[in-house]
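What follows is the residue order along each chain.
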Amino acid sequence: MKIRVPATSANLGPGFDSCGIALSLYLFIEVLGPNEKWEIIHDLGNDVPSDASNLMIETALSLAPNLTPQKIKMNSSVPLARGLGSSSSVIVAGIELANRLAHLNLSQQDKVEIATRIEGHPDNVAPAICGDFVVACYFPEKHKDDVSYVKHYFPEGDIIAFIPNKELLTVESREVLPKSFSYRDAVEASGIANVMIAALIKGNLPLAAKMMQEDRWHERYRQKFVPHLALIRQICQDEGAYGCFLSGAGPTVLILSPEEQTEKVMQSLRRIDDTARIEQLSIDREGIQVF
Ligand code: HSE
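Description of the structure in this document. Because the structure is a prediction, the values reported are computed rather than measured.

Right, let's get into the site of the ligand. Taken together, Ala10, Asn11, Phe16, Asp17, His121, Asp123, Asn124, Thr170, Arg174, Arg222, Gly248 and Ala249 form the complete shell of residues around the ligand. One nitrogen or oxygen atom from the side chain of Asp17 is found 2.5 Å from a nitrogen atom belonging to the ligand. Between the ligand and the protein, one listed contact pairs an oxygen atom with a side-chain N or O atom of Arg174 at 2.6 Å. Class assignment for the residues of the shell around the ligand results in 3 nonpolar, 5 polar and 4 charged. Structurally, the shell around the ligand is a two-domain feature, drawing no fewer than three residues from each of domain 1 (2-153 + 285-290) and domain 2 (158-281).

Structure below.
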């Protein structure tokens, strides 16, 4: 059995903790067969455990504690701690692993709810499971683990990822966020998010990108971790890209661009940091796949 889970980009600016897209970078796992103990063969570095303490196995065992240990091969092109949903991809793979090996018969809704409970918010895990563009909300206190979500087609257009060569931990990037927000600011911020989502549904990428750049919820507080964001925003304006936003908690920035401007935008991006990975990505429409 092989499982493939896409990378994801959460928030899309004003859709903080709620909106996300699935992208064409992938975590692959291959179950090679039963083993004396859990063993993960990977080349993802020493920080990624190769035994039962790997997040994927911990997740699988939390759902099915009596699973027979397996030897598993893991590969990933999702960079770690860059705001592209690497830990969500591992959690989602662990849920599917338990689902298949223990015949849990989980529905997509079950998977989204379990993954959201583990991750704390649905904006990465929901598109990793469903694919494409997902808008979701989760109120853990009010409705137990109920997650409401809607998947919709993300409009065609080029997507460029600017992936800095340094990690930024989500916990660190969340610590700088305010504990409260005035009613007036919240009304303005949610209005911007509403128009962003409506524009995406209408297929109006220029308007959606304009709203993405008007985020009030999180990007301004995270500026100090991501000084390149302001530079990239300027490049978008100068080179005719639609706009950009911080991918999840950062430090990656995603740029939305009309096809004819993409080459120029990428050239300018290379000039601001030649150690960054700059890649053109596409939307993954399917979400998790099992082969
Ligand atoms: N919505 C989350 C954040 C995504 O921005 O902190 C990262 O997990």
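The rest of the description comes next.
What follows deals with the sheet that holds strand 10 (residues 277-281). Read across the open sheet, the 4 strands follow the order 8-9-7-10; overall the sheet is antiparallel. If you trace the sheet from one side to the other, it starts and ends with strand 8 (243-246) and strand 10, each paired once. With strand direction ignored, the average angle separating the axes of adjacent strands in the sheet is 20°. Where strand 8 lies against strand 9 (residues 253-257), 4 bridges are found, and the strand directions are antiparallel. Considered in strand 9, the bridge of Phe245 is made with Leu254. Together, strand 7 (158-163), strand 8 and strand 9 form the strand contacts of helix 9 (residues 228-239), whose direction differs from that of strand 8 by roughly 165°.

This paragraph deals with the packing of aromatic side chains. All chains considered together, the criterion is met by 3 aromatic pairs. Ring centres 6.1 Å apart and planes at 75° place the aromatic pair Phe133 and Phe154 in the edge-to-face group. Of this pair, Phe133 sits in strand 5 (residues 133-138) while Phe154 sits in the loop between strand 6 (147-152) and strand 7, and the two are 21 residues apart along the sequence. An identical accessibility class is assigned to Phe133 and Phe154; each is buried. Just above the ring of Tyr26 sits the side chain of Arg4; from NZ or CZ to the centre is 4.0 Å. One cation-aromatic arrangement involves Arg285 over Tyr153; the distance from NZ or CZ to the ring centre is 3.8 Å.

On to the pattern of salt bridges, then. Scanning the model with the defined rule gives 11 salt bridges in all. The shortest N-O distance in the salt bridge between Arg216 and Glu188 comes to 2.9 Å. Taken together, the residues Arg216 in the loop between helix 7 (205-212) and helix 8 (219-222) and Glu188 in helix 6 (residues 183-202) connect sequence positions 28 residues apart. The class for Glu188 is partly exposed, based on a relative accessible area of 36%. A salt bridge links Glu219 to Arg233; the shortest N-O distance between them is 3.2 Å. In this pair, Glu219 is assigned in helix 8 and Arg233 in helix 9, connecting sequence segments 14 residues apart.

Criteria and cut-off values
- Residues numbered from 1 in each chain as written.
- Predicted model: local features only at pLDDT ≥ 70, side-chain atom pairs only at ≥ 80, totals over all residues.
- Heavy atoms only, no water.
- Near = heavy atom within 4 Å.
- Polar contact = N/O pair within 3.5 Å; in protein donor to acceptor, adjacent residues only side chain to side chain.
- Nonpolar A, V, L, I, M, F, W, Y, C, P; charged D, E, K, R; others polar.
- Domains from an automatic or database assignment.
- Pairing = 2+ DSSP bridges.
- Helix = DSSP H or I, 4+ residues; strand = E, 2+ residues; numbered from the N terminus.
- Axes fitted to C-alpha atoms, helices over the stretch in contact; angles between N-to-C directions.
- Contact = heavy atoms within 4.5 Å.
- Phe/Tyr/Trp six-rings, centres within 6.5 Å; stacked < 30°, edge-to-face > 60°.
- Buried < 20%, exposed > 50% of the residue type's maximum accessible area, 1.4 Å probe, protein only.
- Lys NZ or Arg CZ within 6 Å of the ring centre and 35° of its normal.
- Salt bridge = Lys/Arg side-chain N within 4 Å of Asp/Glu carboxyl O.

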